[in-house]
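What follows is each chain in one-letter form.
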Amino acid sequence: MKILSIGNSLSQDAQRYLHALAKQEGVKLRAVNLYIGGCPLRKHYLNMLDDNAYYDYEFNGEKTGLKVSIRQALVSDDWDYVTLQQGSLVSDKFETYTPYLQALAEYVKKYCPNTKILIHQTWAYKKESPHLVNKMGYATPEEMFDKVSECYNRAAELIKADGMIPSGAAMLRAYQLGGEDLYFDDVHASRGAGRYLLALCWFKYLTGRDIIGNDFVELDALVTDTDRAIAIQAVNEVLKL
């Protein structure tokens, strides 16, 4: 299985452990992330138009030092899935998605006509964080996620996406269940429980494999037994499998 993300630091979070977790489970999976920090759809679109090789090429959760354009990445392999997402700080404003998302989806299909396009649903910020209250203007993570989720649902319908990876829903559910170490800062997933949860979510969505009792431990930070159990429960509830 081969996955390419046209993303930013949130797809970086999601892919950090994905390959290694899949390998432990006996699944051959190649994951590439195109990284520009905070990159919104409009910037991806402009880089697409100019074929700018501005993206850090991250391979199986690791930095490579290579710089590529979107086109170069698309033609470099036969991708089973390409994921698209909005920049986190404008993910609740649907007017920032269009016409950039449609153009990017068409571009992907031009170079990879057989790939499936997935929307990567990003997440709300933790309660009382400065970004949640001051920058986004929401009182609770649930309030922010309701709007973000609405925008992603509209985006998926707009381009007739082949599916949506529910990272945002999984993060919120884990937070509601009492996950204590999901965030690295106000925006990003933590190096331990947060990124572990995202890897579980992507892995289960993409493969349909059972994650009950998952014991993946090749993590950059400690994950407690409690947070591990919460991550597994949250992903299973969100994916209803």
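Residues numbered from 1 in each chain as written. Predicted model: local features only at pLDDT ≥ 70, side-chain atom pairs only at ≥ 80, totals over all residues. Heavy atoms only, no water.

*Asks:* Teacher, can you tell me more about the packing of helix α5 (residues 100-111) against helix α7 (residues 141-159) here?
*Replies:* The geometry of a pair of packed helices is captured by two quantities: the angle between their axes and the separation between those axes. Interhelical geometry of α5 versus α7 gives an angle of 45° and a closest axis separation of 10 Å. As far as their axial angle goes, α7 and α5 are oblique. For the element pair α5 and α7, the recorded crossing hand is right-handed. Across the interface between the two elements, Leu101, Gln102 and Ala105 from α5 touch Ala155, Leu158 and Ile159 from α7. (Axes fitted to C-alpha atoms, helices over the stretch in contact; angles between N-to-C directions. Helix = DSSP H or I, 4+ residues; strand = E, 2+ residues; numbered from the N terminus. Parallel < 35°, antiparallel > 145°, perpendicular 65-115°, else oblique. Left-handed = near helix turned anticlockwise from the far one by under 90°. Contact = heavy atoms within 4.5 Å.)

*Asks:* Explanation requested: the sheet that holds strand β6 (residues 116-120) in the structure shown.
*Replies:* Backbone hydrogen bonds are what pair the strands of a sheet, in a parallel or an antiparallel way. What the seven strands build is an open sheet, ordered β4-β3-β2-β1-β5-β6-β7; its pairing is mixed. Two strands close off the open sheet at either side, each with one partner strand: β4 (62-68) and β7 (163-165). Neighbour-to-neighbour, the strand axes of this sheet turn through a mean angle of 25°, independent of strand direction. Pairing between strand β5 (residues 81-84) and β6: four bridges, direction parallel. Within β6, the position partnered with Tyr81 by the bridge is Lys116. (Pairing = 2+ DSSP bridges.)

*Asks:* Got a minute to help me understand the packing of α7 against helix α8 (residues 167-176) in this structure?
*Replies:* Relative to each other, α7 and α8 sit at 165°, their axes nearing to 11 Å. Comparing their axes, α8 and α7 come out roughly antiparallel. The handedness of the crossing between α7 and α8 comes out as left-handed. Note on element contacts: α8 touches α7 through Gly168, Ala169, Leu172, Tyr175 and Gln176, opposite Pro141, Glu142 and Phe145.

*Asks:* What's the story with helix α3 (residues 41-50) in this structure? I'm lost.
*Replies:* An α-helix turns once per 3.6 residues; consequently, residues spaced three or four apart project the same way. Within α3, burial applies to Leu41, His44, Asn47 and Met48. Along the axis of α3, the buried positions cluster into a sector of 125°, meaning they face one direction only. Exposed and facing more than 90 degrees away from the buried side of α3 are Leu49 and Asp50. Elements that come into contact with the buried residues of α3 comprise β1 (2-6), β3 (55-59), α4 (70-74) and α5. Phi turns positive, to about 55°, at Asp51, one or two residues after α3. (Buried < 20%, exposed > 50% of the residue type's maximum accessible area, 1.4 Å probe, protein only. Arc of directions from axis to C-beta.)

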